[in-house]
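# Observations on the model geometry
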Amino acid sequence: MSAIAITFGELMLRLGPPGFERLLQSPMLCATFGGGEANVAVSLAQFGVDSHYVTRLPSNALGDAAVRALRAEGVATDFIARGGSRMGIYFTETGASQRASTVLYDRANSAISEMPPDAVDWDRVMKGAGGFHVTGITPALGDKAAAATVNAVAAARRAGARISVDLNYRKKLWTQAQAQKSMRPLMRDVDVVIANEEDLQCVLGIDVAGADVTSGALDVNAYREAAERVTRELGPSVVAITLRESLSASDNGWSALLWDGKTLHQSQRYVVRLVDRIGGGDSFAAGLIYSLVTGRSYEAALRFAVAASALKQTIPGDFNRVGVAEVDALAGGDASGRVQR
């Protein structure tokens, strides 16, 4: 399979106070960029994949800075459309102990939500691609972004690319009914679905019976049944389910399952002391895509993806700044945190 990967979604300006401060506790905000599919694109570039990111950004200084930030991480930006009035923004507060992290969106009327249908030549974009990735966030941005997602998936299917979708339900962007109306029909062209138990319920209408990862007890059969329903009723051949145990705002349990149509694989489990949980799911998706593009087994792909996402959650910002060797070391059992010499 070609090692060219395409991702499509909204890149946003991320603003947050330093350290663990509340929003505007002091008169300063740290500015970076991030967004689900962009985070995947950056991770894939770090892993050595020929990574291309598609979005629409305004033709102003913020848009220019965003493109530079992607290029600095090794992501190809040739297919980014320019236009629209503004870039979406989100504000973050990093929680600790019993105080949860929070996110505040300011993304209405962003450039990608107003993208005209001819803004991207999708057949040209997908030429030679081995993989295409999008999330459920993109079609939630409005009718135009939803239509662009459908067109992108169709072009990826024509090109023979492996299509992965992270369901990523965002209740601040749309309702469960809206999500299911848009996303369920899309599944017939999708190869790999990435989700947690809430995503399966809200976006696909598929329950995980008795799911409660916070209890520490995992009913593997319930997840297997839910994954089997996704493959049997909707069409994807692979379902990956991330499992986050919220021990506190500072410490999470992290693991995952993968159903390949015949076998349910269960990953290793990490207890992660969180530095920044944003982008954890995106780095899991990138680790899975990288592993499948490079021909790793499903079991090895799952181990790699979980290790990559555990490492990401120790790094500030949206982007996962780790390479293959570092992830392989952790996936292989080195969780000591010893100084590397």
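Because the structure is predicted, anything quoted here is derived from the model rather than measured.

Before going further, it helps to examine the overall build of the chain. When its secondary structure is counted, the chain shows 10 helices and 15 strands. Rg of the C-alpha trace for the chain: 19 Å, near the compact-globule value of 20 Å for 341 residues, within the 12% margin. If you line up the chain on its principal axes, its C-alpha atoms span 50 × 50 × 45 Å. Taken over 341 residues, the chain has a buried fraction of 55%. In the chain, 68% of the contacts between residues at least 6 apart in sequence involve partners at least 24 apart. Put simply, the chain shows about 14,300 Å² of open surface, and 50% of that area lies on carbon and sulfur atoms.

Right, let's get into the nonpolar core. Of all hydrophobic cores here, the largest spans 52 residues; its most connected members are F8, W122, F132, L167, M187, L200 and L204. Leaving out residues up to four positions away in the same chain, L200 has contacts with L167, A195, G205, I206, V208, A226, V230 and I241. By size, the runner-up hydrophobic cluster in this structure holds 38 residues, among which are V238, A286, A307 and L311.

Taken together, four strands build an open sheet; the order of strands is 3-2-7-8 and the sheet is mixed. With partners counted over all chains shown, the strands left at the sheet margins are strand 3 (30–34) and strand 8 (102–106), one partner each. Neighbour-to-neighbour, the strand axes of the sheet open up by a mean angle of 25°, direction not taken into account. With five bridges joining them, strand 7 (residues 89–93) and strand 8 adopt antiparallel strand pairing. Paired with E93 across the strands is T102, a residue of strand 8.

Time to look at the packing of aromatic side chains. Each aromatic ring pair is described using two quantities: the centre-to-centre distance and the angle formed by the ring planes. As enumerated under the stated definition, the model contains six aromatic pairs in all. Considering the side-chain rings of W122 and F132, the 6.5 Å spacing of their centres and the 70° angle between planes classify their relative orientation as edge-to-face. Of the two residues, W122 sits in helix 3 (residues 122–126) while F132 sits in strand 9 (residues 131–135), which places them 10 residues apart along the sequence. Through successive ring pairs, a cluster of aromatic residues spans F8, W122 and F132.

For the rest of this paragraph, the subject is helix 4 (residues 143–159). Taking 1.5 Å as the rise per residue, helix 4 with 17 residues should run 24 Å; its terminal C-alpha atoms sit 24 Å apart, in good agreement. As for helix 4, its buried residues are in contact with strand 1 (4–8), helix 3, strand 9, strand 10 (162–166) and helix 5 (176–186). Immediately downstream of helix 4, the backbone of G160 shows phi near 80°, a positive value.

The method is simple in principle: a probe with the dimensions of a water molecule rolls over the atoms, and the space it marks as empty is what remains. This model, assessed by the stated rule, comprises two cavities of 30 Å³ or more. Lining the largest cavity, in full, are G131, R162, I163, S164, V192, I194, L288, I289, L292 and V293. Residue classes in the lining of the largest cavity are distributed as seven nonpolar, two polar and one charged. Considering the residues around the second largest cavity, the lining is formed by E10, L11, T55, R56, L57, P58, R86, M87, G88, S110, A111 and I112. Taken together, the residues that form the lining of the second largest cavity break down as six nonpolar, three polar and three charged.

A word on the pairing of strand 1. Successive residues of a regular strand alternate their side chains across the two faces of the sheet. In terms of residue burial, strand 1 counts as a mostly covered element, since four of its five residues are buried. Across five bridges, strand 1 lies against strand 4 (residues 50–54) in parallel orientation. Its bridge partner being in strand 4, A5 is matched across the sheet by S51. Of the pairings in the sheet, the one linking strand 1 to strand 9 comprises three bridges and is parallel in character. Within strand 9, the position partnered with T7 by the bridge is H133.

This brings us to the packing of helix 9 (residues 298–312) against helix 10 (residues 324–331). Contact geometry for helix 9 and helix 10: axes closest at 8 Å, N-to-C directions at 105°. In terms of orientation, helix 9 and helix 10 fall into the roughly perpendicular class. Facing R303, F304, A307, A308, A310 and L311 of helix 9, the residues of helix 10 in contact are V324, E326, V327, D328, L330 and A331. Split by residue class, the contact of helix 9 with helix 10 holds nine nonpolar, no polar and three charged.

What counts, and where the lines are drawn
- Here the residue numbers are simple positions, counted from 1 along each chain's written sequence.
- It should be noted that, the model being predicted, local features are given only for residues of pLDDT at least 70 and side-chain atom pairs only at 80 or more, the latter also being counted only at that level, while totals for whole chains, interfaces and linings use all residues.
- Note: side-chain values were computed over all heavy atoms of the structure, leaving out hydrogens and water.
- Strands here are runs of E lasting at least two residues and helices are runs of H or I lasting at least four, both read from the DSSP assignment and numbered beginning at the N terminus.
- In this description the radius of gyration comes from C-alpha coordinates, and the expected globular size is given by 2.2 Å times residues to the power 0.38.
- Only protein chains enter the accessibility calculation, which uses a 1.4 Å probe; a residue is then buried when its area is under 20% of its type maximum, exposed when over 50%, and partly exposed in between.
- Between two residues, a contact is recorded if the distance between any of their heavy atoms is within 4.5 Å.
- All accessible areas in this document rest on Shrake-Rupley with a 1.4 Å probe, and a residue is counted as covered only by the protein chains that are shown.
- Residues belong to one nonpolar core when they are buried, are Ala, Val, Leu, Ile, Met, Phe, Trp, Tyr or Cys, and are joined through side-chain atoms within 4.5 Å.
- A strand pair is defined by DSSP finding two or more bridges across the two strands.
- For helices, the axis comes from a line fit to the C-alpha atoms of the stretch in contact; other axes are also lines fit to C-alpha atoms, and the angle between any two N-to-C directions lies between 0 and 180 degrees.
- For this analysis, a ring pair means two rings from Phe, Tyr or Trp (six-membered ring only for Trp) whose centres lie within 6.5 Å, classed as stacked if their planes differ by under 30 degrees, edge-to-face if by over 60, and tilted for the remaining angles.
- Take the residue count of a helix, subtract one, and multiply by 1.5 Å to get its expected span.
- Using protein atoms alone on a 1 Å grid, points that fit a 1.4 Å probe yet trap it form a cavity, whereas open point sets bounded by protein on both sides within 12 Å along at least five of seven lines form a pocket; residues with an atom within 4 Å of a point count as lining.
- Grid points are joined across faces, edges and corners, and a volume is the space filled by probe spheres set on the points.
- Here the term charged refers only to Asp, Glu, Lys and Arg, the term nonpolar to Ala, Val, Leu, Ile, Met, Phe, Trp, Tyr, Cys and Pro, and the term polar to all other amino acids, Gly among them.
- The labels follow the angle: roughly parallel below 35 degrees, roughly antiparallel above 145, roughly perpendicular from 65 to 115, and oblique for the rest.

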